[in-house]
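Listed here are the chains, written in short residue letters.
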Amino acid sequence: MAHTFKFRFRGPAGGLAVDLEAEAAPAGGGPPAHGMRIHENIRLGLPASGLYWKDAAWLAFGVSLHAPALAGLRPDGVFIRVTSLDHPLSDYRSEAAALAMDGWIRERFALEGPGASVAYDTARGRYVFAWGTTFQPFSDDPLPEGPPPFRDHQELDVTVTGVASVGSRVDVDGGGTGFIDQVKHPSWWDEDAAPPRPGDRLHVVVLDAGRDEPRFSALQRDIDIARRLRALRDGG
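One structure accompanies this document, and this report is about it. On a predicted model such as this, the values are computed, not experimentally measured, just so you know. (Residues numbered from 1 in each chain as written. Predicted model: local features only at pLDDT ≥ 70, side-chain atom pairs only at ≥ 80, totals over all residues. Heavy atoms only, no water.)

1. Focus: the sheet that holds strand S4 (residues 42–45)
Overall, mixed pairing links the five strands, which are arranged S1-S2-S5-S4-S3 in an open sheet. Each having just a single partner strand, strand S1 (3–11) and strand S3 (35–39) make up the two edges of the open sheet. For this sheet, the mean inter-axis angle between neighbouring strands, taken without regard to orientation, is 30°. The pairing of S1 with strand S2 (residues 14–26) spans nine bridges and is classified as antiparallel. Bridging across to S2, Phe9 finds its partner in Leu16. (Pairing = 2+ DSSP bridges. Helix = DSSP H or I, 4+ residues; strand = E, 2+ residues; numbered from the N terminus. Axes fitted to C-alpha atoms, helices over the stretch in contact; angles between N-to-C directions.)

2. Looking at helix H1 (residues 53–64)
End to end, H1 covers 17 Å across 12 residues, agreeing with the expected 16 Å (1.5 Å per residue, within 8%). When H1 is considered as a whole, its buried residues turn out to be Asp55, Ala56, Trp58, Leu59, Ala60, Phe61, Gly62 and Val63. (Expected span 1.5 Å × (residues − 1). Buried < 20%, exposed > 50% of the residue type's maximum accessible area, 1.4 Å probe, protein only.)

3. Things to note about the sheet that holds strand S8 (residues 155–164)
Spatial ordering of the closed barrel is given by S8-S9-S10-S12-S11, a layout of five strands whose pairing is mixed. Taking each pair of neighbouring strands and ignoring which way they run, the sheet shows an average axis angle of 55°. Across two bridges, the pairing between strand S10 (residues 177–181) and strand S12 (residues 215–217) is parallel. Note that in S12 the partner of Phe179 across the bridge is Arg215.

4. Brief notes about the pairing of strand S6 (residues 116–121)
Sheet faces and side chains relate simply in a regular strand, where the side chains alternate between the two faces. Along S6, five of the six residues are buried, which leaves the element largely enclosed by surrounding structure. Pairing analysis gives six bridges linking S6 to strand S7 (residues 126–131), with the strands arranged antiparallel. Bridging from a neighbouring strand, Ala116 pairs with Trp131 of S7.

5. So, the pattern of salt bridges
In total, this model carries 10 salt bridges according to the counting rule given. With its nearest N and O atoms 2.9 Å apart, the salt bridge here joins Glu213 to Arg169. One end of the pair, Glu213, is in the loop between strand S11 (201–208) and S12; the other, Arg169, is in strand S9 (residues 167–172), and 44 residues separate them in sequence. Of the residues examined, Glu213 reaches a relative accessible area of 19% and is grouped as buried. Look at Arg169 and you get partly exposed, because its relative accessible area is 36%. One network of salt bridges, in which partners are shared, links Glu155, Arg227 and Arg230. (Salt bridge = Lys/Arg side-chain N within 4 Å of Asp/Glu carboxyl O.)

6. What about the packing of aromatic side chains?
Evaluation of the coordinates by the stated rule reveals 10 aromatic pairs. Judged by centre distance (5.6 Å) and plane angle (85°), the rings of Trp58 and Phe61 are edge-to-face. Of this pair, Trp58 and Phe61 both sit in helix H1, three residues apart, roughly one helical turn. By relative accessible area, Phe61 is classed as buried at 5%. Here the aromatic cluster, defined as three or more aromatic residues joined through ring pairs, consists of Trp58, Phe61, Phe129, Trp131 and Phe138. Stacked on the ring of Phe109, the Lys or Arg Arg108 has its end atom at 5.0 Å from the ring centre. The positively charged end of Arg221 is found above the aromatic ring belonging to Trp189, 4.6 Å away from the centroid. (Phe/Tyr/Trp six-rings, centres within 6.5 Å; stacked < 30°, edge-to-face > 60°. Lys NZ or Arg CZ within 6 Å of the ring centre and 35° of its normal.)

7. Topic: the nonpolar core
A general tendency of soluble globular proteins is for nonpolar side chains to be buried together. Within the largest apolar cluster, 39 residues are counted, with the highest numbers of intra-cluster contacts made by Phe7, Ile80, Met101 and Trp104. Sort the elements by how many residues they give to this core and helix H3 (residues 95–109) lands first, with nine residues. Excluding residues that lie within four positions of it along the chain, Trp104 makes contacts with His3, Phe5, Leu20, Ala22, Glu23, Ala24, Ile80 and Phe109. Counting residues in each nonpolar core, the second largest holds 13 residues, with Leu156, Val170, Val204 and Phe216 among its members. (Core = buried A, V, L, I, M, F, W, Y, C linked by side-chain atoms within 4.5 Å. Contact = heavy atoms within 4.5 Å.)

8. Side note on a nonpolar patch on the surface
Together, Tyr52, Trp53 and Tyr92 make up a nonpolar patch on the protein surface, roughly 390 Å² of accessible area in all. Structurally, the position occupied by Tyr52 is in the loop between S4 and H1. (Patch = residues over 30% accessible without salt bridge, like charges linked within 9 Å, V, L, I, M, F, W, Y side chains within 5 Å. Areas by Shrake-Rupley, 256 points an atom, 1.4 Å probe, with all protein chains shown as cover.)

See below:
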């Protein structure tokens with residue numbers, strides 16, 4: 001029986017919306033028509049009408065996030081057949097198909113999430129996706145040589161080590177460095193707040209762990225947003 005999952009993410013200028021309808025059946029015989037093998041006997045079937053190639057790729061990646069757990073849960077295999085994928089009145093990002101599939105699988109099989117999420121970076125005006133411990137979804141070597149030491153939305157204590165016109169460089173307690181853009185320091189918004197100086201101690205949140213250097217924010221509103229996102233992720 002088909003089950004529909006509606007993924008929604010509200011951003012400051014709209015958001016992402018994906019309606020995914022799919023059904024699960026025991027895997028049997030050979031590869032199904034319009035389908036592909038994801039992991040062991042975990043297979044994905046696509047609508048007979050076809051999909052945009054990026055949507056198909058991200059749907060497959062969404063299944064792969066749970067494929068080992070599904071293989072353990074259903075040793076005889078699972079065939080997930082997608083019957084429809086719609087993007088109703090929303091921004092279009094194919095990555096959202098993976099988040100919709102992640103949500104569909106978690107609901108259908110009562111599995112824990114792998115840490116897949118999306119946030120909106122207002123400073124750069126773009127969506128930022130995270131995939132748990134996978135940093136390069138379509139690489140045979142999915143982990144970078146040196147995995148980022150921080151995670152997006154993580155809170156840290158730091159010490160300012162250098163100040164320039166564009167922002168501040170900081171050292172993180174416990175190791176690692178990062179950068180705070182000038183607009184992500186309270187002094188940019190509050191004339192009564194002292195500007196950053198070497199030696200200042202700050203509590204920050206990670207905005208983009210993948211940048212070189214990682215970008216942090218010392219703004220309380222960004223810290224509050226990160227706490228809400230973590231609560232949604234951990235609770236969902």
